[in-house]
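# Examining the three-dimensional arrangement
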Amino acid sequence: MHPAELILVLDFGAQYSQLIARRIRDLGVYSELRAFNIGADEVKKIAPRGIILSGGPSSVYDADAPLPDPEILGLGIPVLGICYGLQVIAHQLGGAVDPGARREYGRAEVVIRNDEDLFAGFDGKPATVWMSHGDALTRAPSGFESIASSDNSPICAVRDAARKIYGVQFHPEVVHTPRGNEILRNFAFTICGCRGGWDPGSIIRMKTEEIRAAVGEEKVLCALSGGVDSSVLAVLLHEAIGDRLHCIHINNGLMRMRESEQIVELYRDRYHFNLKYVDASGEFLEHLRGVTDPERKRKVIGKTFIDVFEREASDLGGVRYLAQGTLYPDVIESTSFRGPSHTIKTHHNVGGLPERMNFTLIEPFRELFKDEVRAIGRELRLPAHFVMRHPFPGPGLAVRIVGEITREGLEVLRQVDEIFIGEIRKAGWYEQLWQAFAVLLPVKSVGVMGDKRTYESVAALRAVHSTDGMTADWAPLPADLLSVVSGRIVNEVRGVNRVVYDISSKPPSTIEWE
Ligand code: XMP
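This one's a predicted model, so the numbers in the text were calculated from it and none came from an experiment. (Residues numbered from 1 in each chain as written. Predicted model: local features only at pLDDT ≥ 70, side-chain atom pairs only at ≥ 80, totals over all residues. Heavy atoms only, no water.)

So, on to the overall build of the protein. The helix and strand tally for the protein stands at 15 helices and 22 strands. Taking 2.2 N^0.38 as the reference for a compact globule, 514 residues should give roughly 24 Å; the C-alpha atoms of the protein span a radius of gyration of 25 Å, in line with that estimate. Its C-alpha atoms give the protein principal-axis dimensions of roughly 80 × 60 × 40 Å. Every one of the 514 residues in the protein was classed for burial, and the buried ones make up 56%. (Helix = DSSP H or I, 4+ residues; strand = E, 2+ residues; numbered from the N terminus. Rg over C-alpha atoms; globule rule 2.2 N^0.38 Å. Buried < 20%, exposed > 50% of the residue type's maximum accessible area, 1.4 Å probe, protein only.)

Looking now at the nonpolar core. Ranked by internal contacts, the top residues of the largest apolar core, which has 69 residues, are Ile51, Tyr267 and Phe365. It is helix H6 (residues 228–241) that provides the largest number of residues to this core, a total of nine residues. Both domains that furnish three or more residues to this core are identified here as domain 1 (7–191) and domain 2 (200–387). When residues no more than four places from it in sequence are discounted, the contact partners of Ile51 are Leu8, Leu10, Val43, Ile72, Ile77, Pro78, Val79, Leu80 and Phe187. If you look at the next biggest cluster of nonpolar residues, it comprises 50 residues, including Leu288, Met357, Phe392 and Ala398. (Core = buried A, V, L, I, M, F, W, Y, C linked by side-chain atoms within 4.5 Å. Domains from an automatic or database assignment. Contact = heavy atoms within 4.5 Å.)

Another aspect to go through is the sheet that holds strand E15 (residues 321–323). Pairing in this open sheet of five strands is parallel, and the strands run E14-E13-E12-E15-E18 from one edge to the other. Whereas interior strands pair on both sides, the edge strands pair on one side only; in this sheet they are strand E14 (274–279) and strand E18 (360–362). Averaged over all neighbouring strand pairs, the angle between strand axes comes to 25 degrees, with direction disregarded. Strand direction decides the pairing type here: E15 and E18, joined by three bridges, are parallel. Each bridged residue has a counterpart across the sheet, and for Leu322 the counterpart in E18 is Leu361. (Pairing = 2+ DSSP bridges. Axes fitted to C-alpha atoms, helices over the stretch in contact; angles between N-to-C directions.)

The subject of this paragraph is the layout of surface pockets. Quantified by volume, the largest pocket comes out at close to 1100 Å³. Every residue lining the largest pocket is counted, 46 residues in all, and those nearest its centre are Tyr16, Leu19, Trp130, Val174 and His176. Elements represented by at least two residues in the lining of the largest pocket include exactly helix H1 (17–26), helix H3 (84–93), strand E7 (127–133) and helix H12 (370–379). (1 Å grid on protein atoms, 1.4 Å probe; cavity = no way out; pocket = protein on both sides within 12 Å on 5 of 7 lines; lining within 4 Å. Points joined across faces, edges and corners; volume = space filled by probe spheres on them.)

What follows is about helix H14 (residues 407–426). Counted at 1.5 Å a residue, the expected span for H14 with its 20 residues is 28 Å, and the 28 Å between its end C-alpha atoms agrees. All of the buried residues along H14 are Gly409, Leu410, Val412, Leu413, Arg414, Val416, Asp417, Ile419, Phe420, Ile421, Glu423 and Ile424. If you follow the buried residues of H14, they end up packed against helix H8 (281–288), strand E19 (435–449), strand E20 (452–465), helix H15 (479–492) and strand E22 (496–501). A positive backbone phi angle near 80 degrees is found at Gly428, which sits one or two residues after H14. (Expected span 1.5 Å × (residues − 1).)

What follows deals with the pattern of salt bridges. Taken as a whole and judged by the stated rule, the model has 34 salt bridges. We note a salt bridge from Arg258 to Glu418, for which the minimum N-O separation is 3.0 Å. Within this pair, whereas Arg258 is found in the loop between strand E13 (245–251) and helix H7 (259–270), its partner Glu418 is found in helix H14, the two being separated by 160 residues in sequence. The partly exposed category is assigned to Glu418, whose relative accessible area is 33%. (Salt bridge = Lys/Arg side-chain N within 4 Å of Asp/Glu carboxyl O.)

Under the domain assignment used here, the protein contains domain 1 (7–191), domain 2 (200–387) and domain 3 (400–501). If you average the C-alpha positions of domain 1 and of domain 3, the two centres end up 45 Å apart.

Most of H1 is tucked away: nine of the 10 residues are buried. When we look at burial in H1, the residues that qualify are Ser17, Gln18, Leu19, Ile20, Ala21, Arg22, Arg23, Ile24 and Arg25. Remark: Gly28 follows H1 within two positions and exhibits a positive phi of approximately 95 degrees.

Here we take up the state of the cysteines. Applying the stated criterion across every chain, the model contains zero disulfides. We note that Cys194 lacks a disulfide partner, and the nearest cysteine sulfur, in Cys192, lies 5.4 Å from it. Cys247 supplies the cysteine sulfur nearest to Cys222, a cysteine that is in no disulfide, at a spacing of 4.6 Å. (Disulfide = S-S within 2.5 Å.)

Relative to the assigned elements, Gly447 resides in strand E19. Between the alpha carbons of Gly447 and Asn497 there is a distance of 6.2 Å; along the sequence they are 50 residues apart. In this structure, Gly447 is in contact with Lys452, Arg453, Thr454 and Asn497, ignoring residues within four places of it in sequence.

A word on the side chain of Gln18. By the secondary structure assignment, Gln18 is in helix H1. Take Gln18: its relative accessible area is 2%, and that puts it in the buried class. Apart from the residues within four sequence positions on either side, Gln18 is in contact with Arg25, Leu33, Tyr328, Glu367 and Phe369.

Now for the pairing of strand E6 (residues 104–112). Pairing analysis gives seven bridges linking E6 to E7, with the strands arranged antiparallel. Its bridge partner being in E7, Glu109 is matched across the sheet by Thr128. In this sheet, strand E9 (residues 145–149) lies alongside E6 in antiparallel orientation, the contact comprising two bridges. What sits directly across from Val111, in E9, is Ser149.

To continue, consider the packing of H8 against helix H9 (residues 294–316). Where H8 contacts H9, the axes come no closer than 10 Å and their chain directions differ by 145 degrees. Pair H8 / H9 crosses with right-handed handedness. Between H8 and H9, the contacting residues are Glu283, Phe284, His287 and Leu288 on the first element and Lys297, Val300, Ile301, Thr304, Phe305, Val308 and Arg311 on the second. Taken together, the residues that form the contact of H8 with H9 break down as six nonpolar, two polar and three charged. (Left-handed = near helix turned anticlockwise from the far one by under 90°. Nonpolar A, V, L, I, M, F, W, Y, C, P; charged D, E, K, R; others polar.)

This part is about unusual backbone geometry. Here the amide bond leading from Lys506 into Pro507 is cis, since omega sits at -15 degrees, within 30 degrees of zero. Looking at the element boundaries, Pro507 is found in the segment after E22. Cis rather than trans, the peptide bond between Pro507 and Pro508 has omega equal to 10 degrees. Among the structural elements, Pro508 can be located in the segment after E22.

Quick look at the side chain of Arg23 now. Tracing the backbone shows Arg23 in helix H1. Buried charge without a partner: Arg23 forms no salt bridge, and the closest opposite charge is Asp26, 4.2 Å away. Excluding residues that lie within four positions of it along the chain, Arg23 makes contacts with Glu173, Val175, Asn181 and Leu184. (Lys, Arg positive; Asp, Glu negative; His and termini not counted.)

Structure (structure tokens):
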């Protein structure tokens, strides 16, 4: 099912292609990402109001350069090429792209030569934009005019107003192009004629219809971890199929303080979902004994999860569909636009389950970002406490205890985390952060308490700002807040005598320690 107003983004492999679709959705127009090689016939069927060709790491001269079906540019649908997308337009319509051009990365000033449509509202003023390209356009195809230039790129934006084909060398989708949203808005509204009105309520209507159409009268199983994604997913599924939704919450023993109780309280006792609670903590901790390698931990947890889930799910009998709250950043870190590629971390905790149990996957959030899922959760009136929860990794506290996981270590970490998060909430910082948590280090240090020498563990605190988890900056929490937290931890948690604050950003670090 497609909404009447849709802008299609063709993915040429830029890491942030989906960001373009997301920016368009933020403007109130539905947008989705498709592989670059979608056929012109398929595009005609979808009948988008506009098409955006994303950036990408290739050169149009590469032997295996991703190129779109050439007929797409002749469909009469407005097109905007971004960076590599612009070079594709030039390449297919007879312009010239110079592969030996000077590379340009970072901020640049562009002079706007025409502000009739794409740059409407710029009033001829120069604009700051974000460049990230190797090849550059040296001759626009016939019918095109240059509408912006920079010192390095004399042709850095072009248009063929008659055919409604536009291209920009820079990236309007990133925050480093401050007026980028205006450019995308001009494309969507002025050039493509969209009217807007797409909102979380529309996503819910579209997704519930899709879910109903996909599963018919069948049952759907959902592993409810209690995180934002699975919580919102379960409520959405319940909205779509009611009691045919069956949830399982597996307590893997790696949850934070009182987390499992809160999940059961909300979903079973308050929402009256079909929820099966399984305490498998003993089994998980048994399998994790002696495991210290981070990827090994994830594999052990993933496999144990599958075993437990399989056992518990088979009791329900005859369930064909499994719902997962996979988000776009999970997809991008595990695959490439050409297929599976280098995986930074094994994020898919339930990976392997669908094939083994013959499940068909339902992943309604696959193209969405976390804050879009939060907006859906708010619209579905999920308690703020659940909607605004910080992300929590599937392997839970196991990746926040560096080294071997023990019951004692988990208990210590839970208390440290509870104090840290409690104080952050009290100080009004919680909602401002993407994520905050504590890590227990396998390091002991000397301290002095009363008149006694101590030799106990070190806890690290981490708080980061991020918009999607793909990059992150450490948060400069106020010194007096950190001081209260550290004082409380050392005084109240037995086994910790030193607290340190993590001041690393991603990249080059990751958000989690393991
Ligand atoms: P990193 O540590 O890779 O984390 O910078 C990015 C975001 O992903 C979360 N994360 C995970 N989520 N399973 C998950 O479900 C995992 O194995 C996993 N590892 C990291 C992390 O908390 C952050 O929000």
